[in-house]
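The primary structure of each chain is shown beneath.
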Amino acid sequence: MIVRIAGEGQFRLPDSDAERLNELDNRAVSAVEEGDEAGFRELWSQMLELVAVDGETLDGDDLVESEVILPPRDISFAEAQGEFTGEGLIPD
Amino acid sequence: MAGLGGRMSTVFKAKISKLLDRTEDPSETLDYGYQKQVELLQNVKKGIADVVTSKKRLQMQSTKLEQQVVKLDTQARQAVSQGREDLARAAIERKTVAQTELQSLDAQVTELESQQEQLTQNEKKLRTKIETFRTKKEVIKAQYSAAEAQVKISEAANGVGEEMADLGLAIQRAEDKTEQMRARAGAVEELEAAGTFEDLGQLGGGQDDIDRELASLGAGAQVDDELAKMKAELGSGGGDSPQLGEGDSKAGA
């Protein structure tokens, strides 16, 4: 699975991470809907950590599209309210 | 992917995919696609240059604010030595606002600097991708049938398109940020310009916009402390001028 963190680049993650990432994504949507900023921050850092730990950076000579695009690391809660809606970043 | 993916596609991605429909002949599409990518790369470079220019303007604004701080400090001291506590207080209040703004401006400029570095790095990465596309298109032209080539072109072009869209978005964010900072710093500068020493004399006890602005910033306690300090300094340096400390228990220490 190819994941991009906006502003940082693309990473290759094992397909087995998709479920975990999707779960975190869905919970992040719930946190945003409830206006729970602290909860969102915690989930968001877990998502980034998953990519950092399991992800392998893609080189510049790979021309592939990402299956998931995560917003910029420093996303504000207000911006998150525009991104983490409905089915989240990852459609179910 | 909703949200970001959708927003990004409106910027660069659409341009990239649109150009793919332009011709029937895959090899023509490939050459045209490459040419377009190179053109878009120029836009990206221009965007980064704009961010750098804005950053420089912010640094100039920061220098101006530094000068204001020095000026207001001098004015406050003059007011204290003339026994005009009201004027001194007003000048110190403005100085405090300017100092606070200066600190946040400097921190933001530093942050912008690291963003600029990241943008430059990503621009390099994009250039590599476009170069890869150039090589790849020759392989595709040579090895694939027209139908297969279309698929391969789409994949490769979308990969480049996504990279370009991402960088475009990052530039947009950096530009928005400098715009906000500039507006804020500009507002404070205006505030300072309105608060020159001449105007201070007319302030009296009345409340004007500036006073309300200052009150909302809650500079009160800090102003008291600084005023007391200034009085003590000037009091000890200026020999016998006990009347300055009159009515203020803090200055007695």
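Residues numbered from 1 in each chain as written. Chains lettered and ligands numbered in written order. Predicted model: local features only at pLDDT ≥ 70, side-chain atom pairs only at ≥ 80, totals over all residues. Heavy atoms only, no water.

1. Concerning the nonpolar core
The condition is simple: Only buried residues count toward a nonpolar core. Its members are Ala, Val, Leu, Ile, Met, Phe, Trp, Tyr and Cys residues joined through side-chain atoms within 4.5 Å. Exposure is judged per residue with a 1.4 Å probe applied to protein chains only, and the accessible area is read against the type maximum: over 50% gives exposed, under 20% gives buried, and values in between give partly exposed. Only runs of H or I of at least four residues qualify as helices and only runs of E of at least two qualify as strands under DSSP, and these elements are numbered from the N terminus. Here, two residues are considered to be in contact whenever any of their heavy atoms come within 4.5 Å of each other.
Among the nonpolar cores identified, the biggest contains 26 residues, and V3, F40, W44, M47, L70 and F84 of chain A are the most heavily contacted of them. Elements with a minimum of two residues in this core: β1 (2-5), α1 (17-33), α2 (37-54), β4 (68-70) and α3 (77-83) of chain A. Of all the elements, α2 of chain A adds the most residues to this core, at 7 residues. Sequence-distant contacts of F40 of chain A, defined by excluding residues within four places in its chain, comprise A28, A31, V32, I75, F77, A80 and F84 of chain A. Within the second largest apolar cluster, 22 residues are counted, among which are L63 of chain A together with F133, I140 and I153 of chain B.

2. Thoughts on the pairing of strand β2 (residues 9-12) of chain A
Residues and elements named next belong to chain A. We apply this condition: Should DSSP find at least two bridges between two strands, the strands are regarded as paired.
One ladder, built from 4 bridges, connects β1 with β2; its direction is antiparallel. In the sheet register, I5 faces β2, and the bridge partner there is G9. Between β1 and β2, which pair antiparallel one after the other, the connecting turn spans 3 residues, and G7 there sits at a positive phi close to 85°. For β2 and strand β3 (residues 56-57), the ladder comprises 2 bridges, and the chain directions are antiparallel. Opposite R12, over in β3, you have E56 as the bridge partner.

3. Observations regarding the interface of chain B and chain A
For clarity, the cut-off: When two components associate, each loses some accessible surface as probed by a 1.4 Å sphere; the sum of these losses over both components is called the buried area. Here a salt bridge means any side-chain nitrogen of Lys or Arg lying within 4 Å of a carboxyl oxygen belonging to Asp or Glu.
The partner chain A presents 28 residues to the 26 residues of chain B that form the contact. When chain B packs against chain A, the two sides together hide about 2,100 Å² of surface, and 47% of this comes from carbon and sulfur. The interface formed by chain B and chain A contains 5 salt bridges. Of the charged contacts in the structure, one is a salt bridge between R173 of chain B and E79 of chain A, with a shortest N-O distance of 2.6 Å.

4. Examining the packing of helix α2 (residues 26-81) of chain B against helix α3 (residues 85-143) of chain B
Residue and element names in this part refer to chain B. Note the threshold: Simply put, an axis is a line fit to the C-alpha atoms, just over the touching stretch for a helix, and the angle between two N-to-C directions goes from 0 to 180 degrees. For classification, angles of less than 35 degrees are called roughly parallel, those exceeding 145 degrees roughly antiparallel, those between 65 and 115 degrees roughly perpendicular, and all remaining angles oblique. Take the far helix as the reference: if the near one is turned anticlockwise from it by less than a right angle, the crossing is left-handed, and if turned clockwise, right-handed. The classification used treats Ala, Val, Leu, Ile, Met, Phe, Trp, Tyr, Cys and Pro as nonpolar, Asp, Glu, Lys and Arg as charged, and all other residues, Gly among them, as polar.
Between α2 and α3, the shortest axis-to-axis distance is 8 Å and the interhelical angle comes to 165°. Overall, the two elements α2 and α3 adopt an arrangement that is roughly antiparallel. The crossing of α2 and α3 is left-handed. For the contact of α2 with α3, the per-class residue count stands at 29 nonpolar, 9 polar and 17 charged.

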